[in-house]
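Listed here are the chains, written in short residue letters.
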Amino acid sequence: MYDLKSIRENPDAFDAALARRGLEPESAAILKLDEERRGHVQKLQDAQAKRNAASKEIGKAKASGDETEAQRLMEEVAGAKAIIQSGEEEERRIDAALREILSTLPNAPLDDVPEGADENDNVEVRSWGEKPSLSFTPKQHFEIGEDLGLMDFETAAKLSGARFVVLKGAIARLERAIASFMLDLHTGEAKDGLGGYQEVLPPALVRDHVLYGTGQLPKFADDLFVTKNDFWLIPTAEVPLTNLVRESIVDEADLPMRLTAWTPCFRSEAGSAGKDTRGMIRQHQFSKVELVSLTTEEQALGELERMTNCAEEVLERLGLAYRTVMLCMGDMGFSARKTYDIEVWLPGQDAYREISSCSVCGDFQARRMNGRYRAKDGKEINFLHTLNGSGLAVGRTLIAILENYQNEDGSVTIPENLRPYMGGLEKIAAG
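Heads up: these notes are all about the structure in this document.

Reading the values: the criteria
- Counting of residues starts from 1 at the beginning of each chain's written sequence and follows it residue by residue.
- pLDDT decides what is reported in this predicted model: residues at 70 or higher carry local features, side-chain atom pairs at 80 or more are listed and counted, and totals for whole chains, interfaces and linings draw on all residues regardless.
- With hydrogens and water stripped out, all remaining heavy atoms of the structure feed into the side-chain values.
- Working definition: rings of Phe, Tyr and Trp (its six-membered ring) pair if their centres are within 6.5 Å, and the pair is stacked with planes under 30 degrees apart, edge-to-face with planes over 60 apart, and tilted otherwise.
- Strands here are runs of E lasting at least two residues and helices are runs of H or I lasting at least four, both read from the DSSP assignment and numbered beginning at the N terminus.
- When a residue's accessible area, from a 1.4 Å probe over protein chains only, is under 20% of the maximum for its type it is buried; when over 50% it is exposed; and in between it is partly exposed.
- A positively charged side chain is recorded as over a ring if its NZ (Lys) or CZ (Arg) lies within 6 Å of the ring centre. The angle to the ring normal must also be within 35 degrees.
- Two cysteine sulfurs form what is called a disulfide whenever their separation falls within 2.5 Å.

1. Section: the packing of aromatic side chains
By the definition in use, this model includes seven aromatic pairs. Taking 4.9 Å as the distance between ring centres and 90° as the angle between the ring planes, the aromatic pair formed by Tyr2 and Phe14 counts as edge-to-face. Taken together, the residues span a long stretch of sequence, with Tyr2 in the segment before α1 (4-9) and Phe14 in helix α2 (residues 11-20) at a distance of twelve residues. Exposure class is identical for Tyr2 and Phe14. Each is buried. Between Trp128 and Tyr322 the ring centres are 5.9 Å apart and the planes differ by 15°, which places this aromatic pair in the stacked class. Of this pair, Trp128 sits in strand β1 (residues 123-128) while Tyr322 sits in strand β11 (residues 322-326), and the two are 194 residues apart along the sequence. Overall, Trp128 belongs to the partly exposed group, its relative accessible area being 32%. When its relative accessible area of 2% is taken as the criterion, Tyr322 is described as buried. Three or more aromatic residues joined by ring pairs form one cluster here, namely Tyr2, Phe14, Phe220, Phe334 and Phe364. One Lys or Arg, Arg126, reaches over the ring of Tyr340 and ends 6.0 Å from the middle of that ring. The ring of Trp345 has Lys131 sitting right over it, with the charged end atom 4.0 Å from the ring centre.

Set out below in structure tokens:
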């Protein structure tokens, strides 16, 4: 959500930001509605003042026996009330129109976000690790899992339809091990730019206003699952974690506030027909360890770098080669001002695939949910700046391990850092 004051003060900059997003100018329409609204507010205030003044005089007129004046004043009060009622209705209409425009406009990008239309225009920032040199033709993760008898898409389809999977045995345990490893890393002692996140177990069902707060509603309703009694299944733990500060004021001394959660996530994958139809890359239900930070404006960009490093560290400790890219305008999310995607190498696909997306959102989400902080002077109240990132997508990390650690005999070697979480198991093999 945008600050109307900033649009009034610099409409050209606002329209320029929208233009970078490929959108038409909106400042003229917004400011016209804003002017109308302020005119009605003034009209209402004048009518209320007139009503209050006349109401006080009615008693005096009656006390003096001047019934004619009392009647005139009562008619004046009635007229002022009618103006107030119609004015309030008009103000609500204008507010709704303003809200409709502002709630569907994406966040303004930072100056260093590269221009571009889609993922082909993203800019590589850095890379890490060596791609595995396999002496055999690598399989994709679903081939590995099915051959081991531990990844069952057919049964999942009977239970729930397409884009679901049943994991079994050591692969099911491996997914749990990956999540536990990530949580332990992120919640560890804050040092060397890592750790320091507080673990949270939030609800997986939320109400409309919570999704509105982080920007999923109203624009992306088709990407979500909703129950018959108006609960929405979370598409990411970013939604409940960020909303923990909705309609509240925190102290600046408590910032940055860092939160992490391992949750199921649910997405309808609207518009993804034909994409990644086999395997676990794009599912309706998946799990993710999410990272959320709440900061001041001054802390936000440094926190984005830190958060991205925390996500990268997971891959480095698992020995998985990756590259980090800065998203261009056309590939960046609705609420983001700047985003880094981390892409892990998948030998079975002979390609890098996204495994984490870390974004800084400015005060865009905080304005939608009214999340604020009190400055150290105890007087100034400002909107929080919010950040979110995957640390990491657990299912995609499982995919990366299966493909990068596969052996010619069909077995999969367990990365050393995960073996304590697997009861010391070193390899997953058939039988």
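2. Considerations on the state of the cysteines
With the rule as written, the count across this model stands at zero disulfides. Cysteine Cys358 is unpaired, with the sulfur of Cys310 as its nearest cysteine sulfur at 8.7 Å. The thiol of Cys361 is not disulfide-bonded; the next cysteine sulfur, from Cys358, is found 11 Å away. Classification of Cys361 by relative accessible area gives buried; the value is 2%.

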